[in-house]
Amino acid sequence: MLVLFTWTKTHWLKLEDLIELRMADIRTYNVVILGIGFLLIFTAFTTCGNIEQTVVKSLNSTNFTGSGYHSLGIIYGVFSFCNVLAPIIVTIIGPQFTMFLSGVLYSGYIAAFIIPSTWSFYFTSVVIGIGAAMLWTAQGHFLVENSDASTINRNTGLFWALLQCSMLFGNLYVYFDWKGKTEITDKDRKIMFTALLVISALGTLSFLALRKVCQQEEILSEEEGQYLLSARLKYKQRATSAVTETKTQFKTILEIFKTKTILLLSFCMAYSGLELSFYSGVYGTCIGATTHFGDVAKGLIGISGIVVGIGEIVGGGLFGLVLKNNRFRRTSVVFLGMVVHFVAFYLIFLSIPDDAPVVFQTSSQHKPYLVPSLSIALLCSFLLGLGDSCFNTQLYSILGRAFAEQSAPAFAIFKFIQSMFAAVAFFYSGYILLTWQLLVMVIMGFTGTLCFFMVERMQNMSADIQEY
C-alpha cells in the first residue's frame, strides 16, 4: 500500500511539472504571437503615419479637403482621453477580443486611404484613437497575464524588440516602391495602402491564435465544486468591478497629478509629445517636399523612417537595458538626449527649406542656408530616434522609481500629457514654418531637461534621508 502511494505521489508530481512546463510554453507562445501581431499592425500604421501628409498632398480629388496632420492630431487627442475608459472595456470583454476589435479599427483607418473621402478620413481618425487606447490597455493586461516575476523582463524585452522592427519593414517598402517618383498617383496610393491593409489584417487575425492560460485553474475550480455563473452575470460583475476600479484609479491619478514631481516632469513629458509628432509625421513630410532631393525625395521618406527606427533601437537597447537600474546615469542620458536633439534641430534648420512642412500640392519654394544633403538628412533621422529613446527610457525609469507603488496611474498621466501635446503639435504643424516649430521644441526641450534634473535631485535627496 505504501509502495502504491509513493508511486502515485511521484507520478502526480511529474504530472504537475509537465503541466507547469506546458503552461510556460503556452505563455511564451502567446508573447511571441502578441509581438508578431503588433509588429504587423504597426508596420502598417507607422508607415501610414509617416507618409500620409505626403499622400494627402498628392490627391487629385477636389472634393477631398483633409489634412494628414489634423488626422494624426485627432488620433492622439482621442487616444489620450480614452485611456481612462479603456480598462472598463478590457475587463468586460477580455484582452484578446479587445485587441482583435482594435486591430479591425486600425485596418479600417488604413482602408480609408484606398478610396479617400474627407468624412471617412476624419471619422476613422476618431475611431482609431479609441482603438489605440483599447489596444495598448489590453496589451499591458495580456502581457502581465502571461508573465510572472521570473519572466516579465524577458517577455517585455521580446515584445518591444518585435514592435520596434515595425519601423523598418514598412518604410523599406515605401523606399523601393516610391524611389524615383516625383508624384504619387492614385494607382501608387491604392497599391501601397492595399498592401498595408493586408499586413494590418494579418496582424489582427494573429490575435485569434492566442491561447488561454487558465484552463488548469478552471478544471480545478470545477473539481472543487464551485458554481459556474451565467455569462450575463459574469459580464455584469466584470462591468461593476471595472467601473469601481476605474473610479479608484481616476482618484489616484488626480492625487498624483498634484504632486511636485509630476508637475515638474510634465514639461519633459510634453516635450516628448512634441518631438514624437515631429519625427513620426512632420520630418518625413519635410524630406519628401524638399525640391533639391529631386526624384528620390519621396523614396527618402521611407529610408528616413528606417533610420529613425534604428536610432530608437540603438538608444532603447543601450539606455533602456544597460543603464536601466543606475540612478546616477539618468541625468546624463537625458542631457545626451537634449544635446543630440538640439544638434539635429540645428542641422535641420540649416539644410531643410523653411516652408517644407506647410507647402501644399507643390515642393518647397524657400531655399535653406545650406545645400540639402542626403547624408545630413539621414543623420538627423538617426539623431531624432536616438534622442527620443533617451527621453522615453529615462522617463519610464524615474516614474517607476518615484511611484513604485502607483506606477499604473503615473504612466497613465505620462501617456495623457505626451499624447495631448503630440495632438497639439500635429494641429499646428501644417500652419507654422519649420523654424518656429524647431524653436518651440528647443525651448520645451531645455525646460523639460532642467525640470528632469530637479526631480532627479529631489529623488536622490529623499533616498539619502531614508538611509539615515
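Residues numbered from 1 in each chain as written. Predicted model: local features only at pLDDT ≥ 70, side-chain atom pairs only at ≥ 80, totals over all residues. Heavy atoms only, no water.

- As recorded in an unreviewed UniProt entry, the protein goes by the name UNC93-like protein MFSD11, listed as coming from Cyprinus carpio carpio.
- Per its UniProt entry, the protein bears the Subcellular location (unreviewed entry) comment "Membrane".
- What the UniProt record of the protein gives under Sequence similarities (unreviewed entry) is the line "Belongs to the unc-93 family." (UniProt positions renumbered as here; feature names shortened; annotations may be inferred.)

**A few points about the pattern of salt bridges**
Then step 1. This structure, assessed with the given rule, holds two salt bridges.
Then step 2. The salt bridge partner of Arg-189 is Asp-186, with a shortest N-O separation of 2.8 Å. Note that Arg-189 and Asp-186 are positioned in helix H8 (residues 186–206) at a spacing of three residues, about one turn of the helix.
Then step 3. Looking at Asp-186, the relative accessible area reads 34%, which means it is partly exposed.
Then step 4. Here Glu-456 makes a salt bridge to Arg-330, at a shortest N to O gap of 3.0 Å. Separated by 126 residues along the polypeptide, Glu-456 in helix H16 (residues 434–467) and Arg-330 in helix H13 (residues 330–351) bring together distant segments of the chain.
Then step 5. Overall, Arg-330 belongs to the buried group, its relative accessible area being 3%. (Salt bridge = Lys/Arg side-chain N within 4 Å of Asp/Glu carboxyl O. Helix = DSSP H or I, 4+ residues; strand = E, 2+ residues; numbered from the N terminus. Buried < 20%, exposed > 50% of the residue type's maximum accessible area, 1.4 Å probe, protein only.)

**Here we look at the nonpolar core**
Then step 1. Core analysis: the largest hydrophobic core is formed by 107 residues, its most contacted members being Phe-38, Met-99, Phe-193, Phe-278, Tyr-283 and Ile-348.
Then step 2. What Ile-348 contacts, discounting residues up to four positions off in sequence, is Phe-278, Tyr-283, Cys-380, Leu-384, Leu-434 and Leu-438. (Core = buried A, V, L, I, M, F, W, Y, C linked by side-chain atoms within 4.5 Å. Contact = heavy atoms within 4.5 Å.)

**What about the packing of aromatic side chains?**
Then step 1. Applying the stated criterion to the full structure yields 22 aromatic pairs.
Then step 2. Through successive ring pairs, a cluster of aromatic residues spans Phe-38, Phe-42, Phe-45, Tyr-106, Tyr-109, Phe-113, Phe-121, Tyr-122, Trp-136, Phe-159, Phe-193 and Phe-207.
Then step 3. In this arrangement the basic side chain of Arg-211 is found over the ring face of Tyr-29, its NZ or CZ atom lying 5.8 Å from the centre.
Then step 4. Note that Lys-415 overlies the ring of Phe-414, its terminal NZ or CZ placed 5.9 Å from the centroid. (Phe/Tyr/Trp six-rings, centres within 6.5 Å; stacked < 30°, edge-to-face > 60°. Lys NZ or Arg CZ within 6 Å of the ring centre and 35° of its normal.)

**Observations regarding the environment of Leu-163**
Then step 1. By the element assignment, Leu-163 lies in helix H6 (residues 152–164).
Then step 2. For Leu-163 and Ile-36, which are 127 residues apart along the polypeptide, the C-alpha to C-alpha distance reads 7.7 Å.
Then step 3. When near neighbours in sequence (up to four residues on either side) are disregarded, Leu-163 contacts Phe-38, Phe-42 and Trp-136.

**Points about the packing of helix H3 (residues 86–93) against helix H5 (residues 118–145)**
Then step 1. At a minimum axis distance of 9 Å, the contact between H3 and H5 shows a crossing angle of 60°. If you check the angle between H3 and H5, you find them oblique. Pair H3 / H5 crosses with right-handed handedness. Of the residues in H5, those touching H3 at Ala-86, Pro-87, Ile-89 and Val-90 are Ala-133, Met-134, Thr-137, Ala-138 and His-141.
Then step 2. A per-class count over the contact of H3 with H5 returns seven nonpolar, two polar and no charged. (Axes fitted to C-alpha atoms, helices over the stretch in contact; angles between N-to-C directions. Parallel < 35°, antiparallel > 145°, perpendicular 65-115°, else oblique. Left-handed = near helix turned anticlockwise from the far one by under 90°. Nonpolar A, V, L, I, M, F, W, Y, C, P; charged D, E, K, R; others polar.)

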